[in-house]
Amino acid sequence: MSTTSYRRRLYGSISIANALPEPRDKRDKLLAEELIGQVLWEEKSLPQDAESIMDALILGTDFTPTFISKIDYPVSGLGKKKVKGAPVFHPASRGAGGVWQLGKRNVRPRLLVNTRSSSRQKMQRGQTRAQTKKAAAATDTEVGSDSSFASPENDESFGAQGYDDKNPNKKRQRASATLEGKWTLLFNAIQAAMHAMYEKTFPESSDAFPFCPMDDLPKRIWSSKFSTSPVPDDTNAQKPDVVLVDHNLRSLPLQWREIITCFELTENLLTSTSTLYWGSATKGYLIMREQPWRRFVLIFSIAHNELRLHYFDRSGLIISRPTSIVTKPVRLLEVLNTLTLAHTNTLGYDPTMHMCNPTCKGTHLDLRKNAIGWIEGPDKTLLSIINVLWRSQGFFSRGTICYRVQTSSGIEYALKDCWVAEDKRYHEVTVLRMVEGIPNVVKLVADWDVLYDGEPDCTHRIRASHGMRTSGFIRRFHRRVLLTPCGEPLLSYSSKSELLKCFHDFVGAHQSMLGRHILHGDLSPNNLIIYDGRGYYIDFDHAEITEGPKSIRSQGMGTIPYMSIRLLRMVLISR
């Protein structure tokens, strides 16, 4: 049998290092299962005086509806002169509310166009393109190709619906390009005005801009480019209505990895069975899947003029109480300001690491060559991230991601970053210390809690008044483990003789671990590596301590294709 055939037999039923959920139905099933018991719907189980998750993350300001009414749509006049357009908001004559004024121009997701007849559009296409570029420069709205766009059939957003890849020619419910495009114009008009206002006092914090200090004033841009075409991924299924990205990336091909957040829009009420709810959950999952270094992810929805925050972390999903953008317009302004102007820490990014994007690669002179980012080591020194070795597929789980890292002098390690349940917080490192010195078992170099604001980072920090009110809540701590050696997947064996030698190593190491009362508990090719022609055990999350005062039974069952027949029978009986 050839070496290739060995690989096919060995890996035929599992996913390898960086594999992602393949078909959409598998991903949807995984997400539906993980949402069970993990969702706090509109915070209904909280006392009325309890702080909302939105209030915890989006600080209040001293802005007023009258102030918002002074923000105008920027318009380019003759000679590139900017003139005031219509206001984005009209306050009510009585009370604190008002009406948001969506622009009257029809807006394609990638091109601002006039809503005249198609024949006139064709005649004036060249002129329209030139005017579009001027308008886009003033409004920070995306500009793209002049592709045709059919008139909308209704005003319901289809950003929460999936593109049917099995029936690509099947007619699907369409969204109004006007809705997504006009909200994009409004968001960017507000962003431009508030950015100019904040620039005058930056970096000082104030009642208007209560943000933590930053070195540079961020510039982010809203785009509706994906409201008609899905974000490229392994399923090409999801079309977020309006996305937020870094302004420097706007002209580059975008994927979920670059999306900071998104808004989902609909005229209908939001319910637990609506497409917007499931769509926003899927988009939150995809952002966290492609950005596993995020501490949390924020998605927002406006359904029937009600604003909600959909907050995702490794312990579950919280959907905030609805807030009317008609009676409380300032709240929408505060959300937009926070998303576009606040520090990335506020948006869920981990301040102890950085993953490079195309605009910053090669600018970090203190990193190793070909580094794709950096991460803080146990002594706060920066380790260069060379590549991602493995990442988990689950949503509300450990969120494990393993990196190949190097010190400034070139010493290489494997770094494991994960969110560990409180009762298993130190389990793996305890096991690694118990098996220290056994040949062909990875060695623990260091372990530490990831700190945020000087305290161990934990999903309970923001959820202090929320977490225990979801039935499936698990308090998870952010942990990192540094290991050596940093090997290659078992799949990378160079010959059958090398593979056999590795299995000989595994048998001997397994016997030695049993002698120290350690049962690995998850024997699969994913947890076996090759380094310098020898095999090594990794990943002791499910290891069982079988004897003594530290005796702990594993809560996991391992990887199904490699479980013992005894455990498989136990699973069938339990079901």
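Position numbers for residues count from 1 along each chain, tracking the sequence in the order it is written. Side-chain atom pairs in this predicted model are given and counted only at pLDDT of 80 or more, local residue features only at pLDDT of at least 70, and totals for whole chains, interfaces and linings cover all residues. Hydrogens and water molecules were not included; the side-chain quantities draw on all heavy atoms of the structure.

Peer 1: Just checking my understanding: could you explain the side chain of D313 for this structure?
Peer 2: Think of it this way: any DSSP run of H or I at least four residues long counts as a helix, any run of E at least two long counts as a strand, and we number them from the N terminus. Following the sequence through the fold, D313 ends up in strand β10 (residues 306–313). D313 gets classed as buried once you look at its relative accessible area, which sits at 1%. Polar side-chain contacts of D313 include one of 2.8 Å to the backbone nitrogen of S315. Setting aside anything within four residues of it in sequence, one finds D313 in contact with M288, R295, F296, F396, T459 and R463. Burial status follows relative accessibility: with a 1.4 Å probe on protein chains alone, a residue under 20% of its type maximum counts as buried, one over 50% as exposed, and anything between as partly exposed. Identification of polar contacts relies on pairs of N or O atoms within 3.5 Å, with a donor-acceptor requirement for protein atoms, meaning one able to donate a hydrogen and the other able to accept it, and with residues adjacent in sequence counted only if both atoms are side-chain atoms. Residue contacts are defined here by distance: any two heavy atoms, one from each residue, within 4.5 Å place the two residues in contact.

Peer 1: Just to check I follow, could you spell out the pairing of strand β16 (residues 401–406) for this structure?
Peer 2: Working note: regular strand, side chains alternate between the two faces of the sheet. The buried fraction of β16 is high, at 6 of 6 residues. Covered by surrounding structure in β16 are I401, Y403 and V405 together with C402, R404 and Q406, the residues of both alternating faces. DSSP-based pairing: two strands are paired if at least 2 bridges between them are found. As paired elements, strand β15 (residues 382–391) and β16 share 6 bridges and run antiparallel to each other. Residue pairing in the sheet places S384 in a bridge with Q406 of β16. Counting the residues between successive antiparallel strands, the hairpin from β16 to strand β17 (residues 412–421) contains 5 residues, one of them, G410, with a positive phi of roughly 95°.

Peer 1: Would you mind going over helix α9 (residues 329–341) with me for this structure?
Peer 2: An ideal rise of 1.5 Å per residue puts 18 Å on 13 residues; α9 measures up with 18 Å between its terminal C-alpha atoms. Counting buried positions over the 13 residues of α9 gives 13, a clear majority of the element. Each residue after the first adds 1.5 Å to the expected span of a helix.

Peer 1: Can you walk me through the nonpolar core in this structure?
Peer 2: Nonpolar side chains tend to gather and get buried jointly when the protein is soluble and globular. In terms of nonpolar packing, the biggest core is built from 53 residues, with V88, F263 and F300 touching the most fellow members. For this core, the secondary structure elements donating two or more residues are α3 (53–57), α7 (177–199), β7 (242–246), β8 (261–266), β9 (297–303), β10 and α9. Residue contributions to this core peak at 9 residues, all from α7. Residues in contact with V88, not counting those within four places in the same chain, are I68, I71, D72, Y73, V99, W100, Q101, L186, A189 and I190. Core analysis: the next-biggest nonpolar cluster, separate from the first, contains 31 residues, L389, A414, L432 and A509 among them. Take the buried residues of types Ala, Val, Leu, Ile, Met, Phe, Trp, Tyr and Cys, join any two whose side-chain atoms come within 4.5 Å, and each joined set is a nonpolar core.

Peer 1: Teacher, can you tell me more about the environment of N387 here?
Peer 2: In this structure, N387 sits in strand β15. By relative accessible area, N387 is classed as partly exposed at 26%. Linking N387 and C402, residues 15 residues apart in sequence, is a C-alpha distance of 8.9 Å. What N387 contacts, discounting residues up to four positions off in sequence, is I372, C402, Y403 and R404.

Peer 1: Is there a simple way to think about the sheet that holds strand β24 (residues 528–531) in this case?
Peer 2: Strand order in the open sheet formed by 3 strands is β22-β24-β25, with antiparallel pairing between adjacent strands. Among the strands making up the open sheet, the edge pair consists of β22 (488–489) and β25 (534–537). Across the sheet, helix α11 (residues 496–515) lies against β24 and β25, angled at about 40° from β25, the strand it touches most. Axis geometry follows a simple rule: fit a line to the C-alpha atoms, using only the stretch in contact for helices, then measure angles between N-to-C directions, giving values from 0 to 180 degrees.

Peer 1: Can you walk me through the sheet that holds β17 in this structure?
Peer 2: With respect to topology, 7 strands assemble into an open sheet ordered β13-β14-β15-β16-β17-β21-β18, the strand pairing being antiparallel. The sheet is open, and its two borders are formed by β13 (353–355) and β18 (443–449), each paired with just one other strand. Ignoring strand direction, the axes of neighbouring strands in this sheet form an average angle of 35°. Summarising the sheet, β17 and strand β21 (residues 476–484) pair through 8 bridges and their orientation is antiparallel. Following the sheet pairing, A421 is matched in β21 by R476. Helix α10 (residues 427–434) rests against β17, β18 and β21 of the sheet, and its axis sits at about 155° to β18.

Peer 1: What's the story with the pattern of salt bridges in this structure? I'm lost.
Peer 2: Between side chains of opposite charge, pairing is possible as soon as their charged atoms come close. The salt bridge criterion pairs a side-chain nitrogen of Lys or Arg with a carboxyl oxygen of Asp or Glu, the two atoms within 4 Å. Evaluation of the coordinates by the stated rule reveals 25 salt bridges. The closest approach of N and O atoms between R289 and E290, which form a salt bridge, is 3.0 Å. A salt bridge links R404 to E488; its shortest N-O distance comes to 2.9 Å. Here R404 is found in strand β16, whereas its partner E488 is found in strand β22, with 84 residues between them in sequence. In this structure, a network of salt bridges that share partners links the residues R425, R433, D447, D449 and R479.

Peer 1: Explain the packing of aromatic side chains to me, please; I cannot follow it from the model alone.
Peer 2: When we look at a pair of aromatic rings, we describe it by the centre distance and by the angle of the planes. Each Phe, Tyr or Trp ring (for Trp, its six-membered ring) is paired with any other whose centre lies within 6.5 Å, and the angle between the two planes then decides the class: stacked below 30 degrees, edge-to-face above 60, tilted in between. Using the criterion set out here, one finds 18 aromatic pairs in the structure. Both rings, one in F209 and one in F211, keep their centres 6.3 Å apart while their planes meet at 55°; by these two values the pair is tilted. F211 shares its class with F209; the two are buried. When the centroid spacing of 5.3 Å and the interplanar angle of 40° are considered together, the rings of F296 and Y311 count as tilted. Note that F296 is positioned in the loop between α8 (275–290) and β9 and Y311 in strand β10, a separation of 15 residues in sequence. As far as burial versus exposure is concerned, F296 and Y311 are alike and both buried.

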